[in-house]
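# Report on the structure
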Amino acid sequence: MLVCGISLITIPSYRDDLDIENTDDSSFIVHEYVHALQYAHIEEPFKDCYAVFRAESQAYKIQSAFLRKNGSNRFVGVVLKFMSCKNDDEMTYRAAKKQ
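Residues numbered from 1 in each chain as written. Predicted model: local features only at pLDDT ≥ 70, side-chain atom pairs only at ≥ 80, totals over all residues. Heavy atoms only, no water.

### Some words on the overall build of the protein
The number of helices and strands found in the protein is 3 helices and 2 strands. The N-to-C order of helical and strand elements in the protein reads β-β-α-α-α. Counting only residues that meet the buried cut, the protein has 31% of its 99 residues in that class. Pairs at least 24 residues apart make up 55% of the contacts formed inside the protein by residues separated by at least 6 positions. Of the accessible surface of the protein, which amounts to about 7,200 Å², a share of 54% is contributed by carbon and sulfur atoms. (Helix = DSSP H or I, 4+ residues; strand = E, 2+ residues; numbered from the N terminus. Buried < 20%, exposed > 50% of the residue type's maximum accessible area, 1.4 Å probe, protein only. Contact = heavy atoms within 4.5 Å. Areas by Shrake-Rupley, 256 points an atom, 1.4 Å probe, with all protein chains shown as cover.)

### As for the side chain of H35
Residue placement: H35 occurs in helix α1 (residues 23-41). A distance of 3.1 Å separates polar atoms of two side chains, one belonging to H35 and the other to H31. Residue contacts for H35: discarding those within four places in its chain leaves F46, A55, E56 and A59. (Polar contact = N/O pair within 3.5 Å; in protein donor to acceptor, adjacent residues only side chain to side chain.)

### With respect to α1
End to end, α1 covers 27 Å across 19 residues, agreeing with the expected 27 Å (1.5 Å per residue, within 8%). Here α1 has its buried residues at D25, S26, S27, H31, V34, H35 and Q38. Taken together, the buried residues of α1 touch α2 (49-69). (Expected span 1.5 Å × (residues − 1).)

### As for the packing of aromatic side chains
As enumerated under the stated definition, the model contains 1 aromatic pair in all. A centroid spacing of 5.5 Å and a plane angle of 35 degrees characterise the contact between Y39 and F46, whose relative ring orientation is tilted. When its relative accessible area of 55% is taken as the criterion, Y39 is described as exposed. (Phe/Tyr/Trp six-rings, centres within 6.5 Å; stacked < 30°, edge-to-face > 60°.)

### A look at unusual backbone geometry
Located in the positive-phi region is E44, a residue other than glycine, with phi close to 50 degrees. Within the secondary structure, E44 is located in the loop between α1 and α2.

Given below as structure tokens:
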């Protein structure tokens, strides 16, 4: 799958093996819940590449905080370091983050 100029591994949208007692699995649920809240409170949260970056940045930031609070050293969101938006070659993920 190609999203905003980066190739992502396609993850099935349905999992029946999530263990809410497992911190990593719970953090996945937290990440997706952030997206549900974004859809409820932000008009078109994934309308363009930069919006996708902002939405994913926010979700990964909250997921990371959840992991740290629950004693995990797992790092999430590394894919954002490689993200760029094709519409403007000069605009990198760092510039999008400042918006």
